Amino acid sequence: MGQHWVFSAMALAAGACLAAYALYAWRHRRASAGASLAVVLAAAGWWSLAYALELAATNLPTKLLWGDAKWLGICLLPPAWYAFVMQYNGRGRWVNRPVMAALAVPPVAVIVLLANPTTHDLVRYYPPSAAADPAEAIAQVGPLFWPFLVYADLVVWGCTALFVWTLLRRSRLYWRQSLLLIVTLVLPILANVLHNFNVGPFGRVELTPFLLVLTGAVLVWGVFRFRLLDLAPIARSQIFQLMQDAAVVLDPYGRVVDANLAAERLLGQPVGQVVGQPLAQLVPAWITAISHGQGASTSSDTSGEEAVIAGRVYELTVSALPDRQGQPTGNLLIARDMSARRQAERDLRDSLVREQAATERLLAALQREQAAGEQLSDALEREQTATQHLRELDQMKDAFLQAVSHDLRTPLTSVLGIAATLDRSHQLLSAGEIHDLLGRLAGNARKLGRLLTNLLDLERLTQGTLDPDRQRVDLGELVSRIVKDTGPELLGERPISLETAPVLIAVDAPKVERIVENLLINAARHTPTGTPVWVRVQAAGSGALMVVEDAGPGVPAEVRQAIFQPFRQGPTITAHAPGSGIGLALVANFAGMHGGRAWVQERPGGGASFRVFLPDAHDPDAATSPLLLRD
């Protein structure tokens, strides 16, 4: 009984020490890995305190209660130790929500199992014989204890191995301090393993909380008191001594606090002799350069000032050295020997002057070559332009001959056939048949006449010899008459709808008639028989809008501008009426003569909607130059 009270008192003292360590670490949590270390110490402290109360309990329910309560600290230790080691090793990005949540799954599962009476004994329990002597009772482990032990050992041993490897790799010159820390880390882990496997006397008393007091003391002492774990100053100290530039540490009063080997050589005195002396007495040139730089700069760092010492040029850099609270405690002066660099710069400037002279001569020669090249390029461009123009003329000639030969051959063949029929068989034909043949003969003759007229008008438009003869007319009545007179002949068996409004406007009536006829012919060429056609005339702004729409296949967006150019046709050419590619070009040019424009867009419901806008002219006698549609 007395022995248990002794261990209970020791565990209670250990828990108090660990709690004090945790509080101290939490107050310094802004240090490297300080917050995670505070959690590690708090978990170990709770483990020790609960273990002390478990050992001191004289009845089995109380012993069971505090024995279960210590598992809160045991379960918290592995993830907390993982977070501390990762943050100390500079791998803080591995301490994130997904990883910590995964590490928390086994501990949370154990706590839930212990909290549930039906699953409690799967983790730990007291045998029935413990009721006879609760003070001497030793808890037994259940089957689910071992998976948690494997998890905890993997996390703790793995993180400890990483921690030890980091210490050995970073601090080989300070192996004694590292060995002390490693021993204090490994001892509690080994004690826990021996207790869990019930090895000798270790199976009766858990020594891990007591040894954690020693580990916590070394960690807190090393991290927050003497920065034993902060190995960066060790590396910085070595770099400070081995760097080639002279470095001098000054206190707020300008006195030397420390200097490296390069500074010793520059000052000509050992560090032990110059420490405590004002830098102004040792190297006055440095103080003069520093004061000039600080007077011209408002920043805490001054760099780029130069001083000449013993015939050599040094670039001086002064940086403020703040303490942990950010208050200035002195300055770091670095002197870099720039003599070789300045000589190299002078040599480089001389070389650049020579190179510049050579470059100027080369540039003059290149300019002469460039002028000759530009002349040659202009000649080639003119040649290419002339070649392209000739090619376009040749292509236009081919298109013209192909289109005109077809449009001339078809009605001409029909005229010759009808003429031959009348010549040979007029006595055998009835009056009605003769009348029908004469009508077809006249229609084909009109087609030939329209084609020749279109060709002549296109030529005159190209030469600029065709001017509009404007007269004020009712455009709606004019278009209605044209559609009624020529619509059935031009459209064939396509139903036509006419909707016109009275619009008084000054236009060239014959040219308007040509516009309407060519739009009707275009609708007939590109739509099947029976396709409805709509014609509308309405006032629009300061003029009138003529619209010819059909329910045919429409005009693709990519060719809606090209079809208004001479000898250019849309992609849906019908085999029975291929067309010459002149009609829409005349529509655009006649509209341009009036100062208007022609375009095509998609008809609502499908099909093409050809539109011509003709502005009104206040002076009908004013001439308007022809204008080809460009947009």
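Residues numbered from 1 in each chain as written. Predicted model: local features only at pLDDT ≥ 70, side-chain atom pairs only at ≥ 80, totals over all residues. Heavy atoms only, no water.

Some words on the overall build of the chain
Then step 1. Per the secondary structure count, the chain includes 17 helices and 14 strands.
Then step 2. Across the 631 residues of the chain, 40% fall into the buried class.
Then step 3. Of the accessible surface of the chain, which amounts to about 34600 Å², a share of 60% is contributed by carbon and sulfur atoms. (Helix = DSSP H or I, 4+ residues; strand = E, 2+ residues; numbered from the N terminus. Buried < 20%, exposed > 50% of the residue type's maximum accessible area, 1.4 Å probe, protein only. Areas by Shrake-Rupley, 256 points an atom, 1.4 Å probe, with all protein chains shown as cover.)

Here we look at the nonpolar core
Then step 1. Formed by 45 residues in total, the largest nonpolar core has its most connected members in L41, W71, W81 and F148.
Then step 2. For this core, the secondary-structure elements that each account for two or more residues are α1 (2-27), α2 (34-56), α3 (60-88), α4 (97-115), α5 (145-170), α6 (175-196) and α7 (208-225).
Then step 3. In terms of residue count, α3 provides more of this core than any other element does, eleven residues in total.
Then step 4. One finds V479, V533, V537 and A544 within the second-largest nonpolar core, a separate group that totals 43 residues. (Core = buried A, V, L, I, M, F, W, Y, C linked by side-chain atoms within 4.5 Å.)

Here we look at the sheet that holds strand β12 (residues 543-550)
Then step 1. In spatial order, the strands read β9-β11-β12-β14-β13; together these five strands make up an open sheet with mixed pairing. Looking at which strands have only one partner, the edges of the open sheet turn out to be β9 (496-500) and β13 (597-602). Averaged over all pairs of adjacent strands, the angle between their axes in this sheet comes to 15°, without regard to strand direction.
Then step 2. Here β9 runs beside strand β11 (residues 533-540); their pairing, made up of five bridges, is parallel. Within the sheet, the bridge partner assigned to I496 lies in β11 and is V533. (Pairing = 2+ DSSP bridges. Axes fitted to C-alpha atoms, helices over the stretch in contact; angles between N-to-C directions.)

A short note on the packing of aromatic side chains
Then step 1. Following the criterion strictly, the structure yields six aromatic pairs and no others.
Then step 2. Geometrically, the ring pair formed by W71 and F145 is edge-to-face, given 5.9 Å between the ring centres and 80° between the ring planes. Linking W71 in helix α3 with F145 in helix α5, this pair joins segments that are 74 residues apart in sequence.
Then step 3. Note on W71: relative accessible area 6%, which makes it buried. (Phe/Tyr/Trp six-rings, centres within 6.5 Å; stacked < 30°, edge-to-face > 60°.)

Digging into α4
Then step 1. Between the first and last C-alpha of α4 there are 25 Å, a value that for 19 residues agrees with the 27 Å anticipated at 1.5 Å per step.
Then step 2. Within α4 the residues assigned to the buried category are L103, P107, V110, L113 and L114.
Then step 3. Two to three positions downstream of the cap, the backbone nitrogen of V99 sits 3.0 Å from a side-chain oxygen, assigning the N-cap of α4 to N96. (Expected span 1.5 Å × (residues − 1). Polar contact = N/O pair within 3.5 Å; in protein donor to acceptor, adjacent residues only side chain to side chain.)

Brief notes about the side chain of D550
Then step 1. Topologically, D550 is positioned in strand β12.
Then step 2. For the buried D550, no salt bridge is present, and the opposite-charge side chain at shortest range is R603, 7.3 Å distant.
Then step 3. Among the polar contacts listed, one links the side chain of D550 to the backbone nitrogen of G552, at a separation of 2.9 Å.
Then step 4. Apart from the residues within four sequence positions on either side, D550 is in contact with A523, T527, P532, V533, W534, R603, G606, G607 and A608. (Lys, Arg positive; Asp, Glu negative; His and termini not counted. Salt bridge = Lys/Arg side-chain N within 4 Å of Asp/Glu carboxyl O. Contact = heavy atoms within 4.5 Å.)

Brief notes about the confidence of the model for the chain
As a note on interpretation, predicted positions should not be read in detail where pLDDT is low.
Then step 1. For the chain, the average pLDDT comes to 77, and 73% of its residues sit at 70 or higher.
Then step 2. Predicted confidence is poor over residues 295-300, with pLDDT under 50, and the contacts of this stretch with residues over four places away or in other chains come to three contacts.
Then step 3. Every residue in residues 572-579 is under pLDDT 50, and counting partners more than four places away or in other chains gives 18 contacts. (pLDDT = per-residue confidence, 0-100.)

Some thoughts on the pairing of strand β4 (residues 256-259)
When a strand is regular, its side chains alternate between the sheet's two faces.
Then step 1. Two strands pair when backbone bridges link them, and strand β3 (residues 246-250) and β4 are joined in this way by three bridges, in the antiparallel orientation. Residue pairing across strands places L250 opposite V256, the latter belonging to β4.
Then step 2. What sits between the antiparallel neighbours β3 and β4 is a turn of five residues, in which G254 has the positive phi angle 80°.

Some thoughts on helix α15 (residues 475-491)
Then step 1. Given a rise of 1.5 Å per residue, 17 residues ought to cover 24 Å, yet the end C-alpha atoms of α15 are separated by just 21 Å, more than 12% below that figure.
Then step 2. Bending of α15 peaks at approximately 45° at the position of D485, with proline P488 no more than four residues after it.
Then step 3. Every buried residue of α15 is listed here: L475, G476, L478, V479, S480, I482, V483, T486, G487, L490 and L491.
Then step 4. Remark: G492 follows α15 within two positions and exhibits a positive phi of approximately 70°. (Bend = angle between axes of the 7 residues up to and from the residue.)

Some thoughts on the packing of α15 against helix α16 (residues 509-525)
Then step 1. Between α15 and α16, the least distance of the axes is 10 Å, while the angle of their chain directions is 40°. When the interaxial angle is binned, α15 and α16 end up oblique. Read as a crossing pair, α15 and α16 show a hand that is right-handed. On the side of α15, the interface is formed by L475, L478, V479, I482, V483, T486, G487, L490 and L491, while α16 contributes A509, V512, E513, V516, E517, L520, I521, A523 and A524. (Parallel < 35°, antiparallel > 145°, perpendicular 65-115°, else oblique. Left-handed = near helix turned anticlockwise from the far one by under 90°.)

Some words on the pattern of salt bridges
Then step 1. Within this structure, the stated rule accounts for eight salt bridges.
Then step 2. A salt bridge links D616 to R472, with the shortest nitrogen-to-oxygen separation between them at 3.2 Å. Taken as a pair, D616 in the segment after β14 (608-615) and R472 in strand β8 (residues 471-474) lie far apart in primary sequence, 144 residues in all.
Then step 3. Classification of D616 by relative accessible area gives partly exposed; the value is 25%.
Then step 4. Residue classification places R472 among the partly exposed positions, given a relative accessible area of 41%.
Then step 5. Across the pair K511 and D508 runs a salt bridge whose closest N-O atoms are separated by 3.5 Å.

Notes on the packing of α3 against α4
Then step 1. α4 packs onto α3 with a crossing angle of 170° between their chain directions and a minimal axis gap of 10 Å. The angle between α3 and α4 places the two elements in the roughly antiparallel class. Every residue of α4 that contacts α3 at D68, W71, L72, C75, P79, Y82 and A83 is listed here: V99, M100, L103, P107, V110, I111 and L114.
Then step 2. When its residues are assigned to classes, the contact of α3 with α4 shows 13 nonpolar, no polar and one charged. (Nonpolar A, V, L, I, M, F, W, Y, C, P; charged D, E, K, R; others polar.)

Here we look at a nonpolar patch on the surface
Then step 1. Taken together, V141, W146 and F197 make up a surface patch of nonpolar side chains, about 280 Å² in accessible area.
Then step 2. Within the element layout of this structure, V141 appears in strand β2 (residues 140-141).
Then step 3. Residue V141 is classed as partly exposed on the basis of its relative accessible area of 36%. (Patch = residues over 30% accessible without salt bridge, like charges linked within 9 Å, V, L, I, M, F, W, Y side chains within 5 Å.)

Examining the environment of A152
Then step 1. Inspection of the secondary structure puts A152 in helix α5.
Then step 2. Assessed through its relative accessible area of 11%, A152 is described here as buried.
Then step 3. Linking A152 and P106, residues 46 residues apart in sequence, is a C-alpha distance of 8.9 Å.
Then step 4. Aside from chain neighbours lying at most four places away, what touches A152 is P78 and W157.

Some details on the pairing of β14
Then step 1. Along β14, seven of the eight residues are buried, which leaves the element largely enclosed by surrounding structure.
Then step 2. Two strands pair when backbone bridges link them, and β12 and β14 are joined in this way by eight bridges, in the antiparallel orientation. When the sheet's bridge partners are listed, M546 is paired in β14 with V612.
Then step 3. Pairing geometry for β13 and β14, over six bridges, is antiparallel. Bridging from a neighbouring strand, V600 pairs with F610 of β14.
Then step 4. Following β13, the chain reverses through five residues before pairing antiparallel with β14; G605 in that reversal takes a positive phi of roughly 95°.

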